[in-house]
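# Structure at a glance
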Amino acid sequence: MLIRVGTDLPIASSEITPRSLWLRRRDFLGAGAALGLGLTGVARAASPYSTDEKPNSRADITGYNNFYEFGTDKSDPAAKAGRLKTKPWTLRIDGLVDKPADYALEDFLKPFSTEERIYRMRCVEGWSMVIPWLGFPLAEAIKRAQPQASARYVAFETLVRPEEMPGQRSFPRIIPWPYREGLRLDEAMHPLTILATGLYGEPLPNQNGAPLRLVVPWKYGFKGIKSIVRMTLVAEQPKTSWNMIAPDEYGFFANVNPEVDHPRWSQATERRIGEGGLFAKRRPTLMFNGYESVASLYSGMDLRANF
Ligand SMILES: Nc1nc2c(c(=O)[nH]1)N[C@H]1C(S)=C(S)[C@@H](COP(=O)(O)O)O[C@H]1N2
Ligand SMILES: [Mo]
């Protein structure tokens, strides 16, 4: 007997699959498992935070990257990140927490099924892609460390290992290493904010930020800090790499906003990678990259001043 699932299921093509539908889909998969059906044909189940848009190819996702630790060209990370050693790896969580420690990645993954860890998300920064991440909510990692009441932000740092990261040996130095990022704690705890450990069902390729990187789909791509070794809970807004380099061009919040131009270019449209050709039409960029449920995080804030 062949049961077809996936695109044939009556799933709304809304940006975020409603949880009720997702649960129904899980029931359906559960029924399939009970009937002794294998996993073939049920590959499309995913977290409720997945878009139904077609993902980019693995070649696009792993061949067109920004990871300055390996060079500034979009092709450098794929060419030069192969020697990065990602095992063993620990994530230090410290600062204003009751349980500061070096945490093992595997422990964070345990509570989730593979289906629950699939997040097909749009990423945008002039160009755009849809990436089928494997990840888990950043909130889960933060909760383990038990943040204190005074914690208001999370500061992130990337590995510093010049022996394996040629961009960290090159001069003039563009980025004062480590690469740094930050989120307000409520942004960090939002269920759309994930730590990704894989893509297309496999561990993250080094060029995409192995073994774990941040994904905040309503913010510009540069917020997605790669190869994270440390998260520190702090009271004051932390420094972030692009803001340190060019404060007039890159703000702390970096929410996708088609109405606020970068000083040197419009941010109203994007080019979807893979929609090739000279005549491929640019797409209008959506407020918060289309993830409108996050708007309430910023109610009452001037998003021009807080860019
Ligand atoms: N450590 C580190 N993280 C980083 C960067 C970087 O240079 N170093 N580049 C950022 C930028 S500018 C972008 S657009 C995204 C790209 O992620 P991707 O290559 O997986 O698409 O990673 C971000 N994370
Ligand atoms: Mo970027």
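What comes next concerns the included structure.

Rules and cut-offs
Residues numbered from 1 in each chain as written. Chains lettered and ligands numbered in written order. Predicted model: local features only at pLDDT ≥ 70, side-chain atom pairs only at ≥ 80, totals over all residues. Heavy atoms only, no water. Buried < 20%, exposed > 50% of the residue type's maximum accessible area, 1.4 Å probe, protein only. Helix = DSSP H or I, 4+ residues; strand = E, 2+ residues; numbered from the N terminus. Pairing = 2+ DSSP bridges. Near = heavy atom within 4 Å. Polar contact = N/O pair within 3.5 Å; in protein donor to acceptor, adjacent residues only side chain to side chain. Areas by Shrake-Rupley, 256 points an atom, 1.4 Å probe, with all protein chains shown as cover. Nonpolar A, V, L, I, M, F, W, Y, C, P; charged D, E, K, R; others polar. Phe/Tyr/Trp six-rings, centres within 6.5 Å; stacked < 30°, edge-to-face > 60°. Lys NZ or Arg CZ within 6 Å of the ring centre and 35° of its normal. Core = buried A, V, L, I, M, F, W, Y, C linked by side-chain atoms within 4.5 Å. Contact = heavy atoms within 4.5 Å. Arc of directions from axis to C-beta.

## Comments concerning the pairing of strand β5 (residues 153–158)
Of all 6 residues making up β5, 5 are buried, and the element is well covered by its neighbours. Note that β5 and strand β10 (residues 228–234) share 6 bridges and pair antiparallel. Residue pairing for β10: Thr-158 is matched across the bridge by Ile-228.

## Some remarks on the site of ligand 1
Around ligand 1, a shell composed of 16 residues is seen, among which Asn-65, Tyr-68, Glu-69, Gly-224 and Lys-226 lie nearest. Contact distances for ligand 1 include 2.7 Å between an oxygen atom and a backbone N or O atom of Tyr-68. At 2.9 Å, a side-chain N or O of Thr-158 approaches a nitrogen atom of ligand 1. In isolation ligand 1 has 540 Å² of accessible area, and contact with the protein removes 99% of it. Split by residue class, the shell around ligand 1 holds 6 nonpolar, 6 polar and 4 charged.

## Description of the packing of aromatic side chains
Here the structure, examined in full by the defined rule, presents 12 aromatic pairs. Plain terms: the ring middles of Tyr-153 and Phe-252 are 5.8 Å apart, the flat faces sit at 80 degrees to each other, and that makes the pair edge-to-face. A residue pair is termed long-range when its members are at least 10 positions apart, and Tyr-153 in strand β5 and Phe-252 in the loop between α7 (241–245) and β11 (269–272) qualify at 99 residues. For the pair shown, Tyr-153 and Phe-252 are each scored as buried. Centroid distance Phe-253 to Tyr-298: 6.2 Å. Interplanar angle 90 degrees. Geometry classified as edge-to-face. With Phe-253 in the loop between α7 and β11 and Tyr-298 in the segment after β12 (283–284), the pair connects residues that are 45 residues apart, well separated along the chain. For the residue pair Phe-253 and Tyr-298, the accessibility class agrees, reading buried in each case. A connected cluster of aromatic rings, assembled from ring pairs, spans Tyr-153, Phe-252, Phe-253, Phe-288 and Tyr-298. The ring of Phe-252 carries Lys-223 above its face, with NZ or CZ at 4.5 Å from the centroid.

## Digging into unusual backbone geometry
With an omega of -5 degrees, the peptide bond running from Lys-87 to Pro-88 counts as cis. By the secondary structure assignment, Pro-88 is in the loop between α3 (76–80) and β1 (90–95). For the peptide bond that leads from Ala-210 to Pro-211, omega is -5 degrees, which places it in the cis range. Examined against the element boundaries, Pro-211 turns out to sit in the loop between β8 (202–203) and β9 (213–215). Located in the positive-phi region is Ala-254, a residue other than glycine, with phi close to 55 degrees.

## Side note on the nonpolar core
Within the largest apolar cluster, 71 residues are counted, with the highest numbers of intra-cluster contacts made by Trp-133 and Met-231. With 5 residues, strand β4 (residues 127–137) is the largest single contributor of residues to this core. Every residue in contact with Trp-133, bar those within four places of it in the chain, is listed here: Arg-117, Ile-118, Tyr-119, Met-121, Ile-194, Ala-196, Gly-198, Leu-199, Leu-204, Arg-213 and Val-215.

## Topic: helix α5 (residues 138–145)
For α5, the full list of buried residues reads Leu-138, Ala-139, Ala-141, Ile-142 and Ala-145. Viewed end-on, α5 has its buried residues packed into an arc of 160 degrees, placing them on one side of the element. Directly after α5, the chain includes Gln-146, whose backbone phi takes a positive value near 55 degrees.

## Things to note about the environment of Asn-289
Along the chain, Asn-289 turns up in the segment after β12. Taking the C-alpha atoms as reference points, Asn-289 and Lys-219, 70 residues apart in sequence, are found 7.3 Å from one another. Aside from chain neighbours lying at most four places away, what touches Asn-289 is Arg-122, Cys-123, Val-124, Pro-217, Trp-218 and Val-256.

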